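Given next are the chains, with one letter for each unit.
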Amino acid sequence: MASTTEQRDGAVEHEMSTHQRGLVDTCLEEGQFESAITLLEQLRSPNYRPTISHIRQLIYISLQPEHPPSINEMVYTDVPSSPSKTALKKRIPSGAAVLAARRLLNSFAITNSPEAIAAALPFYDDPRKDESSTEAGDDGSLESVIGPQSMCISRAKNCWSILVQGFTQRGQIFSVPRGKGKKRTHNVDEADDVLADEVDNAVVGEDAWSTLDWLITLFEQDEILTGARGSGRFSNLLLQQIPRPRSGTGPRWDTEVPLRIISFCMEQTEVRRQTLGSRLMTLLVNLSATPHLDLSMFVASVYTHLTAAELEKLPALLSNLGPSTPVHKFKVALCQKLLIDSSHIISRDGPPQRVKARARALRTTRTEENLKSQPAEAIAAAQSTKNQMTAFTEIQRCLEADTLSPSMAVTHAVLLRAKFELLNSYGMLQSEMASTEKDPDWVAFLQGARANQVIDSTFGSNPDNPDGRIYREVLQSIIQVWSS
């Protein structure tokens, strides 16, 4: 009996029929990738989801170069079992097939439910990783000319691993000619994630940017669907790509890998690639507004990445985050931490805690049922902590502080931007609250002349400081709205 899933509009999504799967499988077995993709496009429907094996092979094809190497440039060395050139040619998707696979994946992300499409993705402690190649390929995908190679996706640690430069080469043994007959042999073990940890391999390969875009689109669609169900605006599929804490309970915190990807996106010169980093950051910020991701640990991790790279990237990071309650909370927490560290301010809650190293998460099955099984008291307590608003007296101390720490490589321009974002986001959060819930010190700040005094002293009136002048004018205009 074919299983079904619920679509975003409540409609039932059935499995593709055996006959339809067979037509696509025949094309894949013959290495006719373009025909298989065209057929899948014709069969695409919100009422029928594609098979896991087909999505997995589409991902594998999409990770290949748009300009594939010729047969003479890639010669397998496992003689005498090496395939003939004709057989080898069938295993190399054409550039047209690669582009078509990328387009089709994006189409599936919009047409079908995110859960159905993401079923082909690996995630932490996925029980399918323990299956043998035969068991994992019992859907017939091993008959495809790229079926065995595509299984590297199922055995990956998480979805971020498949983006690493050279990921699809693992498990292959081949030689690439290097001038005058010299060859460089590659032999990558598919049983580990060496590629993901090597400095020499980019966290997003040159041929994986489209796949990253697709993953983010999938998470965004899942986020929309989760919000429509009344469960909060976050992506459970993204949550599955973050390991559990060692205890197996409580909010997750280890966002190291996606933050490395975001940092790499910010280093790119192409605006589209930078935008991918901003979109992924927005997804993480929205997740941090739920009880499932530790906000303080997330802010500390972001801060660590910024200080490890360049704090000059802070304005670009903050500018590309759209206005929302989770984003404002994140900005307040991040900017307050930056200003406290750079000004030797000691918060009334004590000095900021250092992020402690933690061991890797234990292997546990991570499903949506596990998520829902967390104690209601723990979830309620975590959410209550996140809903607590920082006292305005702490915000004001950050605004008025001007003593820089000699150990902080932070410019005056970055500090001004942090203070602007801190005050603007805090004011936005206060404006969303009922009058009885607002901080009394904030209300007094708006009603008296103190607001303009603090803004003038913080951002100055020096005409040689254009950024400060712009921040001052914007804040003065907004405060008139807040105080009305």
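Residues numbered from 1 in each chain as written. Predicted model: local features only at pLDDT ≥ 70, side-chain atom pairs only at ≥ 80, totals over all residues. Heavy atoms only, no water.

### Description of empty space enclosed by the protein
Moving on, step 1. Overall, the coordinates contain five cavities of 30 Å³ or more when judged by the stated rule.
Moving on, step 2. If you add up the space inside the largest cavity, you get close to 90 Å³.
Moving on, step 3. Considering the residues around the largest cavity, the lining is formed by 11 residues, among which I262, S263, M266, H305 and L306 are closest to the centre.
Moving on, step 4. Among the elements of the structure, α12 (256-266) and α14 (295-308) are those that each provide at least two residues to the lining of the largest cavity. (1 Å grid on protein atoms, 1.4 Å probe; cavity = no way out; pocket = protein on both sides within 12 Å on 5 of 7 lines; lining within 4 Å. Points joined across faces, edges and corners; volume = space filled by probe spheres on them. Helix = DSSP H or I, 4+ residues; strand = E, 2+ residues; numbered from the N terminus.)

### A word on helix α10 (residues 209-228)
Moving on, step 1. If you check α10, its first and last C-alpha atoms are 29 Å apart, about what 20 residues at 1.5 Å a residue would give, namely 28 Å.
Moving on, step 2. Of all 20 residues in α10, 15 are buried; the element is thus mostly enclosed. (Expected span 1.5 Å × (residues − 1). Buried < 20%, exposed > 50% of the residue type's maximum accessible area, 1.4 Å probe, protein only.)

### A closer look at the packing of aromatic side chains
Moving on, step 1. In the structure shown here, the tally under the stated rule is 11 aromatic pairs.
Moving on, step 2. When the centroid spacing of 5.2 Å and the interplanar angle of 70° are considered together, the rings of F392 and W442 count as edge-to-face. Within this pair, whereas F392 is found in helix α19 (residues 392-400), its partner W442 is found in helix α21 (residues 440-447), the two being separated by 50 residues in sequence.
Moving on, step 3. Taking the relative accessible area as the measure of exposure, F392 reaches 1% and is therefore buried.
Moving on, step 4. For W442, a relative accessible area of 2% translates into the label buried.
Moving on, step 5. Here Y426 and W442 contribute two aromatic rings whose centre-to-centre distance is 5.6 Å and whose plane-to-plane angle is 75°, an arrangement assigned as edge-to-face. Taken together, the residues span a long stretch of sequence, with Y426 in helix α20 (residues 412-431) and W442 in helix α21 at a distance of 16 residues.
Moving on, step 6. With relative accessibility at 0%, the residue Y426 sits in the buried group.
Moving on, step 7. Following the ring pairs from residue to residue traces out a cluster consisting of F392, Y426, W442, F445 and W482. (Phe/Tyr/Trp six-rings, centres within 6.5 Å; stacked < 30°, edge-to-face > 60°.)

### So, the environment of R450
Moving on, step 1. For R450, the position within the fold is in helix α22 (residues 450-459).
Moving on, step 2. Of the residues examined, R450 reaches a relative accessible area of 36% and is grouped as partly exposed.
Moving on, step 3. Beyond its immediate sequence surroundings of up to four residues, R450 is in contact with Q396, E400 and F445. (Contact = heavy atoms within 4.5 Å.)

### Some thoughts on α14
Moving on, step 1. For α14, which comprises 14 residues, the first-to-last C-alpha distance of 20 Å matches the rise-based estimate of 20 Å (1.5 Å per residue) to within 8%.
Moving on, step 2. Of all 14 residues in α14, 10 are buried, a share of seventy percent or more.
Moving on, step 3. Listed as buried for α14 are L295, M297, F298, V299, A300, S301, V302, Y303, H305 and L306.

### Points about the pattern of salt bridges
Moving on, step 1. Considering all chains together, one arrives at 17 salt bridges under this definition.
Moving on, step 2. Where R272 meets D213, a salt bridge forms, and the shortest distance between an N and an O atom there is 3.2 Å. One end of the pair, R272, is in helix α13 (residues 271-288); the other, D213, is in helix α10, and 59 residues separate them in sequence.
Moving on, step 3. One salt bridge connects E270 with R273, and the closest N-O pair in it is separated by 3.7 Å.
Moving on, step 4. The exposure class assigned to E270 is partly exposed, which follows from its relative accessible area of 43%.
Moving on, step 5. A cluster of three or more residues bridged by salt bridges with shared partners is formed by D213, E220, R272 and R279. (Salt bridge = Lys/Arg side-chain N within 4 Å of Asp/Glu carboxyl O.)

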